[in-house]
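Architecture at a glance
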Amino acid sequence: MGTREQRDGVDLTNLDEPLSADAGATKRDLVDYLYAVSDRMIPVLADRPLTVLRVLRGREPFMQKNVPKYTPGWVATTTMWAEASHREVRYALCNDRRTLLWLANQRAVEYHPTLGLSGDIYRPTHLVLDLDPPDDDFAKVVAVAHLVRQALADSGLDGVVKTSGAKGLHIFVPIDDTAPVDDVAAATRALAARAEAIDPDIATTAFIVEDRGGKVFVDATRAGGATVAAAYSPRLRPGTPVSFPLEWAELDSIKPADFTVHTAIDALHGRTSWMESMPPAQQLPADLIEQGRAIPVARVAAMHEGKRRAKARRESS
């Protein structure tokens, strides 16, 4: 079997090399999968600055924001100032299958778009809650996902769910452009708190891991310029699972490992695409935003708490 070929004008090389020691997949498997799901995946990625996780032979995997200098001119890009690194960063925009295949040939396994479009990444088109379990017990995550869905319904909102491609679930709520980003972040915190309040024995909003007590973390920090693993994105984990859109009714009967680059294509037959399954964009309720404004930003609160605990340890010793 050859290791070179061309698709959509993209030269593909070294196709029969494994992605990693435990991926259970080759570069050809990655390319074949992304080619097959491109019609569903490109609308998820289009016009969103893209960060990819690449895995090159003999190197540790790395996240790449800035496109390489050798990027072809036909790859759409957008340039933005990165405050953290104090420089201009040129992001890829994966707006067509040719670009997706070129990225796959670069051994880009994971695809993490921003929640906002390139015109304003700080205007998220979706509110997102990320459910992070303390272990591999997926039933715990499913139970908390149902809490989030109840909290959404109680707030007059509707969302869709997908596996993260790792151990957890992502819940996406399409929102209109009436709320500025700080209000979207506040509403996200409030929804997490409302889900936790329904059953605090299984759900927590504690940002500090040691404070979670074995509960599922309802992560409300995906706002602003944050990225989230895209629907259909492979993940660089054993078996190369993918982030797979689901119906709410399916949650109790599936496992994240059911969906890999080998199995997901067949599993997609007859299913509505992630973008088509979205409810219409919704306006965030004023009372939800108001509640969230009173909830401290998790990362900031955790930073201050960490300093307080470190000081207490120093004083006690």
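Residues numbered from 1 in each chain as written. Predicted model: local features only at pLDDT ≥ 70, side-chain atom pairs only at ≥ 80, totals over all residues. Heavy atoms only, no water.

1. Quick word on the overall build of the protein chain
To keep it simple, the criterion reads: Elements are defined by DSSP. Helices are runs of H or I of four residues or more, strands are runs of E of two residues or more, and each kind is numbered from the N terminus. The size measure is the radius of gyration over C-alpha atoms, and the globule rule it meets is 2.2 Å times the number of residues to the 0.38 power. Classification of residues uses two cut-offs on accessible area relative to the type maximum, computed with a 1.4 Å probe and protein chains only: under 20% is buried, over 50% is exposed, and between them is partly exposed. Contact criterion: two residues are considered in contact whenever any of their non-hydrogen atoms come within 4.5 Å of each other. All accessibility values rest on the Shrake-Rupley procedure with a 1.4 Å probe; residue burial counts only the protein chains present in the view. Only four residue types enter the charge count: Lys and Arg as positive, Asp and Glu as negative, with His and the chain ends excluded. To locate a charge, the coordinates of NZ of Lys, CZ of Arg, CG of Asp or CD of Glu are taken.
Scanning the protein chain from terminus to terminus reveals eight helices and 13 strands. For 317 residues, the compact-globule estimate of 2.2 N^0.38 gives 20 Å, and the protein chain sits close to it at 20 Å. Taken over the C-alpha atoms alone, the protein chain extends approximately 60 × 45 × 45 Å along its principal axes. Per-residue burial over the protein chain gives 51% buried out of 317 residues. Here the contacts in the protein chain between residues at least 6 apart in sequence split such that 71% fall between residues at least 24 apart. For the protein chain, the computed accessible surface area is about 14600 Å², with 51% contributed by carbon and sulfur atoms. Across the protein chain, the 38 positively charged side chains and the 43 negatively charged ones have centroids separated by 7 Å.

2. A short note on the packing of aromatic side chains
The test is simple: Between the rings of Phe, Tyr and Trp (Trp by its six-membered ring), a pair exists once the centres lie within 6.5 Å; its type follows the angle of the planes, with under 30 degrees stacked, over 60 edge-to-face, and the other angles tilted.
Summed over all chains, the structure comprises four aromatic pairs. On the numbers, 5.4 Å between centres and 75° between planes, the contact of Phe 172 with Trp 274 is edge-to-face. You can see Phe 172 sitting in strand β10 (residues 169-174) and its partner Trp 274 sitting in helix α6 (residues 274-277), a full 102 residues away along the chain. Under the relative-accessibility criterion, Phe 172 is labelled buried at 8%. According to the relative accessible area criterion, Trp 274 is buried, its value standing at 2%. Where Phe 244 meets Phe 259, the ring centres are 4.0 Å apart and the plane angle is 5°; that geometry is what we call stacked. Of the two residues, Phe 244 sits in the loop between β12 (216-219) and β13 (245-246) while Phe 259 sits in the loop between β13 and α5 (264-267), which places them 15 residues apart along the sequence.

3. A short note on empty space enclosed by the protein
Here is the rule: Here the term cavity refers to a set of points on a 1 Å grid, laid over the protein atoms alone, in which a 1.4 Å probe fits but cannot get out; the term pocket refers to an open set having protein on both sides within 12 Å along at least five of seven lines, with lining residues being those that place an atom within 4 Å of a point. Grid points are joined across faces, edges and corners, and a volume is the space filled by probe spheres set on the points.
Under the counting rule described, the total for this entry stands at one cavity of 30 Å³ or more. Volume-wise, the largest cavity comes out at about 50 Å³. Lining the largest cavity, in full, are Leu 50, Val 52, Gln 64, Lys 65, Asn 66, Val 67, Ala 92, Trp 102 and Leu 103. Mapped by element, the contributors of at least two residues to the lining of the largest cavity are β3 (50-54) and α2 (97-105).

4. Quick word on the pattern of salt bridges
Applied cut-off: Any Lys or Arg side-chain nitrogen located within 4 Å of an Asp or Glu carboxyl oxygen qualifies as a salt bridge.
Counting across every chain of the model gives 16 salt bridges. As a salt-bridge pair, Arg 28 and Asp 16 come within 2.9 Å of each other at their nearest N and O atoms. Of this pair, Arg 28 sits in helix α1 (residues 27-45) while Asp 16 sits in the loop between β2 (10-12) and α1, placing them twelve residues apart in sequence. Of the residues examined, Arg 28 reaches a relative accessible area of 12% and is grouped as buried. Asp 16 sits in the partly exposed class, given a relative accessible area of 30%.

5. Notes on the environment of Gly 9
Structurally, the position occupied by Gly 9 is in the loop between β1 (5-7) and β2. Sequence separation between Gly 9 and Gly 292 is 283 residues; the distance between their C-alpha atoms is 49 Å.

6. Topic: the UniProt feature "domain: DNA ligase D polymerase" (unreviewed entry) in the protein chain
Note the threshold: UniProt positions are given in the numbering used here, feature names are shortened, and annotations may be inferred rather than shown by experiment.
UniProt records the feature "domain: DNA ligase D polymerase" (unreviewed entry) for residues 26-270 in the present numbering. Between the end C-alpha atoms of residues 26-270 the distance is 27 Å, and the span holds 27% helix and 21% strand.

7. A short note on the layout of surface pockets
Over the atoms rolls a probe the size of a water molecule, and in doing so it shows where empty space is left. Taken as a whole, the second largest pocket encloses approximately 410 Å³ of empty space. Lining the second largest pocket are 18 residues, with Lys 65, Ala 82, Tyr 91, Ile 121 and Tyr 122 positioned closest to its centre.

8. Brief notes about the packing of helix α4 (residues 181-198) against helix α7 (residues 286-293)
As a reminder, the rule being used: Whenever a helix is involved, its axis is fitted only over the stretch in contact; in every case the axis is a line through C-alpha atoms, and angles between N-to-C directions fall within 0 to 180 degrees. We call two directions roughly parallel when the angle between them is under 35 degrees, roughly antiparallel when it is over 145, roughly perpendicular when it lies between 65 and 115, and oblique otherwise. Any residue that is not Ala, Val, Leu, Ile, Met, Phe, Trp, Tyr, Cys, Pro, Asp, Glu, Lys or Arg is counted as polar, Gly included; the first ten are nonpolar and the last four charged.
At a minimum axis distance of 7 Å, the contact between α4 and α7 shows a crossing angle of 85°. With respect to their mutual orientation, α4 and α7 come out roughly perpendicular. Contact with α4, carried on its side by Asp 183, Ala 186, Ala 187, Arg 189, Ala 190, Leu 191, Ala 193 and Arg 194, involves Asp 287, Leu 288, Ile 289, Gln 291, Gly 292 and Arg 293 of α7 and no other residues of that element. Taken together, the residues of the contact of α4 with α7 break down into seven nonpolar, two polar and five charged.

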